[in-house]
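Here is what each chain is made of, one letter per residue.
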Amino acid sequence: MASSLTKASTGTPGSEKTFFGHPRGLATLFMTEMWERFSYYGMRALLVLYLVSGGAEAATGSQGGGLAMTMATATAIYSVYVAMVYLMAMPGGWFGDRVWGARKTVAIAGFVIMAGHGSLALPGQAAFFAGLALVAIGSGLLKANISTMVGHLYDGPDDQRRDGGFTLFYIGINLGAFIAPFIVGTVGEKVNWHLGFLLAAAGMGIGLVQFLFGTKHLSAQSSVVPNPLSQAERKSLLVKAALVVVVAAVFYGIVIGLDMFTLNWALVPITLAGLIIPVAVLVRIKRDKDLDKTEQSKMTGYIWFFVAAAVFWMIYDQGGSTLSLFADGKTSGTVFGLGFPATWYQSLNPLFVMSLAPVFAWLWLWLARKNQEPNTIVKFSMGLVLVGASFFIFIVPMNMASDGTKVTPLWLVSIYMIQTIGELCLSPVGLSVTTKMAPKKYASQMMGVWFLAVTAGDCTTGLLSLAGVDLNGIGIIAMQASLAVAAGFAIFMYRKKVQTLMGGVH
């Protein structure tokens, strides 16, 4: 990236280096996020394949040494893990605002993530689950604060470079996600699982080192704790945290002592919490008497979008579980005569995002000039219908592979592309509508609430798997597809009612 640093005239002509015309600190944050996403998506590409490897469900051609779990258990663990990454974004933001400040929180998060991947590189279930927990906690801490630091680089919301800076940052996210499966995924799947996880740790290590060396280029505001805890608040929180730890230790100590412990004793409570917490947060905000009539109405309308997003992510995030297992076991390992490992499919989404996002940005502007741009509600409907359609299409190769036939990878390529188009219709709009419909009192918290939709969707998937539902069966795939399409049409049919609830937001 050295060639991208150029001289710019700010104050003394030629005195300040910039990153494509943006503050030098953006290069530091760009590279930090790129390497963090490299480690996250590299590990994610391996996760379910490692869990099933070594058992009857392990795919032909994959090296052994995995945990030999069933597909249902692997899907549940994957879903709960992804849900926890997004759930931890809320306490991650809280730590940045009240305890350490954004810069220190991101540095600590980097160490935690690296330690997590390092733990995954060790054999055994204990090290594996400890590693997953550390990566989820670290990712939550980092996710909530690094975007805030990008904002700190600019002179307020009116700085004309601000949107472009976030666009560059977004490219860094997808660049890391795109590269990771080719390196971490290939080594892990074809050579050694634990070596793959170790490469993920090395990636985060590179990102952390360059972050620590580049912090001098960041805004001083990034080191400020905006709303520090008082001494009384610290004491109260420590007492409550200690009480929770003691209760959990006693409870699980009894369960283990009675020889009753199974994996479900850990997964089910976490999954239920991932469903209860989003509902509790929305109910608390909705029932807040400080909200005026307009804000109450907007929150009622926002719940429609929240539920729709949860349905969307429930299907979309199975790209790393259900679709990945199908790719590994029932899809040909070659494309046009070239080898195509199962982990490489995880590069398709970031590739399509980088390719199609500029097209969609241009398309919405072109339609807006003609006064024909779909509104937020219609875009949400489109996203839901598309993700549902992708699973209807998925039924075709599933039927083809039912007799042991290996289907062409182009089926999955098409499915990932359709899901990405759906994401581009729903995800950016969801972020925008969240900021527009947020009550003033909860303006800084609502982005965390949006991430809870991902948590709710993934926990629904996890709970279905834990309940014994085979998410890799044609029936459940058809049911999910129908649910998404029905939800999309429902929002479209009630669009006038939802628009009324939204007030002046369009």
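Preceding this paragraph is the structure being described.
Heads up: these notes are all about the structure in this document. Computed from a predicted model, the values in this text were never measured in an experiment. (Residues numbered from 1 in each chain as written. Predicted model: local features only at pLDDT ≥ 70, side-chain atom pairs only at ≥ 80, totals over all residues. Heavy atoms only, no water.)

## Some details on the overall build of the protein
Using the following cut-off: Helix numbering and strand numbering both begin at the N terminus, where a helix is a DSSP run of H or I of at least 4 residues and a strand a DSSP run of E of at least 2. Note on method: radius of gyration uses C-alpha positions; expected globular size equals 2.2 Å times residues raised to 0.38. Partly exposed residues are those whose accessible area sits between 20% and 50% of the maximum for their type, while under 20% is buried and over 50% is exposed, using a 1.4 Å probe and protein chains only. Whether two residues are in contact is decided by their heavy atoms: any pair within 4.5 Å suffices.
Across its full length, the protein holds 17 helices and 5 strands. Relative to a compact globule of 506 residues, whose C-alpha radius of gyration would be 23 Å, the protein shows 23 Å and is just as compact. The dimensions of the protein, computed from C-alpha atoms along their principal axes, are 65 × 55 × 50 Å. Taking all 506 residues of the protein together, 51% fall into the buried category. The contacts of the protein with a sequence gap of at least 6 include a subset with a gap of at least 24, amounting to 79%.

## Points about the pattern of salt bridges
Formally: Each reported salt bridge corresponds to a side-chain nitrogen of Lys or Arg within 4 Å of a carboxyl oxygen of Asp or Glu.
Enumeration over the complete set of coordinates arrives at 3 salt bridges. The partner of E233 in a salt bridge is R98, and the shortest N-O contact between them spans 3.0 Å. Here R98 lies in helix α3 (residues 89-98) and E233 lies in helix α8 (residues 231-257), a separation of 135 residues in the sequence. Since its relative accessible area comes to 33%, E233 is described here as partly exposed. Across the pair K379 and E373 runs a salt bridge whose closest N-O atoms are separated by 2.7 Å.

## Considerations on a nonpolar patch on the surface
Basically, it comes down to this: Only residues whose relative accessible area exceeds 30% and that form no salt bridge enter a patch; like-charged residues are grouped when within 9 Å of one another, and nonpolar side chains (Val, Leu, Ile, Met, Phe, Trp, Tyr) when within 5 Å. What sets the accessible areas is the Shrake-Rupley method with a 1.4 Å probe; for residues, cover comes only from the shown protein chains.
Where nonpolar side chains cluster on the molecular surface, the patch consists of V246, V250, I254, L258 and M260 and spans about 460 Å² of accessible area. Assignment of secondary structure puts L258 in the loop between α8 and α9 (264-286).

## With respect to the packing of aromatic side chains
The line we're drawing: In this scheme Phe, Tyr and Trp rings, the latter by its six-membered ring, pair at centre separations within 6.5 Å, and the angle between planes marks the pair as stacked below 30 degrees, edge-to-face above 60, and tilted otherwise.
As enumerated under the stated definition, the model contains 29 aromatic pairs in all. For the pair W362 and W366, a centre-to-centre distance of 5.8 Å together with 15° between the ring planes defines the contact as stacked. A residue pair is termed a helical-turn pair when its members lie 3 or 4 positions apart in one helix, as W362 and W366 do in helix α12 (residues 348-369) at 4 residues. Taking relative accessible area as the criterion, W362 reaches 49% and is therefore assigned partly exposed. The exposure class assigned to W366 is partly exposed, which follows from its relative accessible area of 35%.

## Quick notes on the packing of helix α1 (residues 25-52) against helix α5 (residues 125-152)
What counts here: Orientation is described by lines fitted to C-alpha atoms, with helices fitted over the stretch in contact, and by angles between N-to-C directions that extend from 0 to 180 degrees. When describing relative orientation, an angle under 35 degrees is termed roughly parallel and one over 145 degrees roughly antiparallel, while 65 to 115 degrees is termed roughly perpendicular and anything else oblique. The sense of a crossing depends on the near helix, which, turned anticlockwise from the far helix by less than a right angle, makes the crossing left-handed and, turned clockwise, makes it right-handed. In the scheme used here, Gly and all other residues not listed as nonpolar or charged are polar, with Ala, Val, Leu, Ile, Met, Phe, Trp, Tyr, Cys and Pro taken as nonpolar and Asp, Glu, Lys and Arg as charged.
Packing of α1 against α5 leaves a shortest axis separation of 11 Å and a crossing angle of 150°. When the axis of α1 is compared with that of α5, the two are roughly antiparallel. Crossing handedness for the pair α1 and α5: left-handed. Side by side, α1 and α5 meet where L26, L29, T32, E33, E36, R37, Y40, M43, L47, Y50 and L51 of the first sit next to F128, L132, V135, S139, L142, K143, I146, M149 and V150 of the second. Taken together, the residues of the contact of α1 with α5 sort by class into 14 nonpolar, 2 polar and 4 charged.

## Some points on the nonpolar core
Put simply, the rule is: Residues belong to one nonpolar core when they are buried, are Ala, Val, Leu, Ile, Met, Phe, Trp, Tyr or Cys, and are joined through side-chain atoms within 4.5 Å.
With 134 residues, the main nonpolar core has L29, Y81, F128, Y302, W313, F394 and L412 as its most contacted residues. The dominant element in this core, judged by the number of residues it contributes, is α1, at 18 residues.

## So, helix α6 (residues 162-190)
For the record, the criterion: Given a helix with a known number of residues, its expected span is that number minus one, times 1.5 Å. What we call the bend at a residue is the angle made by axes fitted to the seven residues finishing there and the seven residues starting there.
In this model α6 runs 42 Å from its N-terminal to its C-terminal C-alpha over 29 residues, within 8% of the 42 Å that 1.5 Å per residue would give. Approximately 40° is the largest bend angle found in α6, and it occurs at A180, with the proline P181 only one to four residues beyond.

## Comments concerning unusual backbone geometry
In this model, D259 sits at a positive phi of 60°, which is unusual for a non-glycine residue. Topologically, D259 is positioned in the loop between α8 and α9. Judged by relative accessible area, which is 69%, D259 ranks as exposed. The phi dihedral of N371 falls on the positive side, at around 60°, and the residue is not glycine. Here N371 falls in the exposed class, since its relative accessible area comes to 72%.

## Things to note about the packing of α6 against helix α7 (residues 193-214)
Any two packed helices are characterised by the angle at which their axes cross and by the distance between the axes. One can describe the packing of α6 onto α7 by two numbers: an axis separation of 6 Å at closest approach and a directional angle of 160°. Taken together, the axis directions place α6 and α7 in an arrangement best described as roughly antiparallel. The crossing of α6 and α7 is right-handed. Between α6 and α7, the contacting residues are I183, V184, V187, G188 and E189 on the first element and W193, L195, G196, L199 and A200 on the second. Of the residues belonging to the contact of α6 with α7, the class tally is 7 nonpolar, 2 polar and 1 charged.

## Some remarks on the side chain of S79
Inclusion rule: Counted as a polar contact is a pair of N or O atoms within 3.5 Å, where, for protein atoms, one must be capable of donating a hydrogen and the other of accepting one, and residues adjacent in sequence contribute only when both atoms are in side chains.
Along the chain, S79 turns up in helix α2 (residues 71-87). A relative accessible area of 1% means that S79 is categorised as buried. Among the polar contacts made by the side chain of S79, one reaches the main-chain carbonyl oxygen of T75 at a distance of 2.8 Å. Discounting chain neighbours no more than four positions away, the residues touching S79 are D458, T461 and G462.

## Structural notes on the side chain of S139
Summarising the element assignment, S139 is placed in helix α5. Residues contacting S139, with those up to four places away along its chain left out, are E36, Y40, V85 and I113.

## So, the environment of S297
Structurally, the position occupied by S297 is in helix α10 (residues 293-316). For S297, a relative accessible area of 22% gives the class partly exposed. Setting aside residues up to four positions removed in sequence, S297 forms contacts with T500 and L501.

## Quick look at α9
For α9, spanning 23 residues, the distance from its first C-alpha to its last is 33 Å, which sits close to the expected 33 Å at 1.5 Å a residue. Taken residue by residue, α9 has L267, T271, G274, P278, V281, L282 and I285 as its buried positions. Here the buried face of α9 lies against α2, α10 and α15 (446-466).

## Digging into the environment of L348
Mapped onto the elements, L348 comes out in helix α12. A C-alpha to C-alpha distance of 9.8 Å links L348 and S414, two positions 66 residues apart in sequence.

## Some details on the environment of F129
Relative to the assigned elements, F129 resides in helix α5. Residue class for F129 comes out partly exposed when judged on its relative accessible area of 23%. F129 sits 52 residues away from I77 along the chain, and the two C-alpha atoms are 9.6 Å apart. Aside from chain neighbours lying at most four places away, what touches F129 is M69, I77 and L263.

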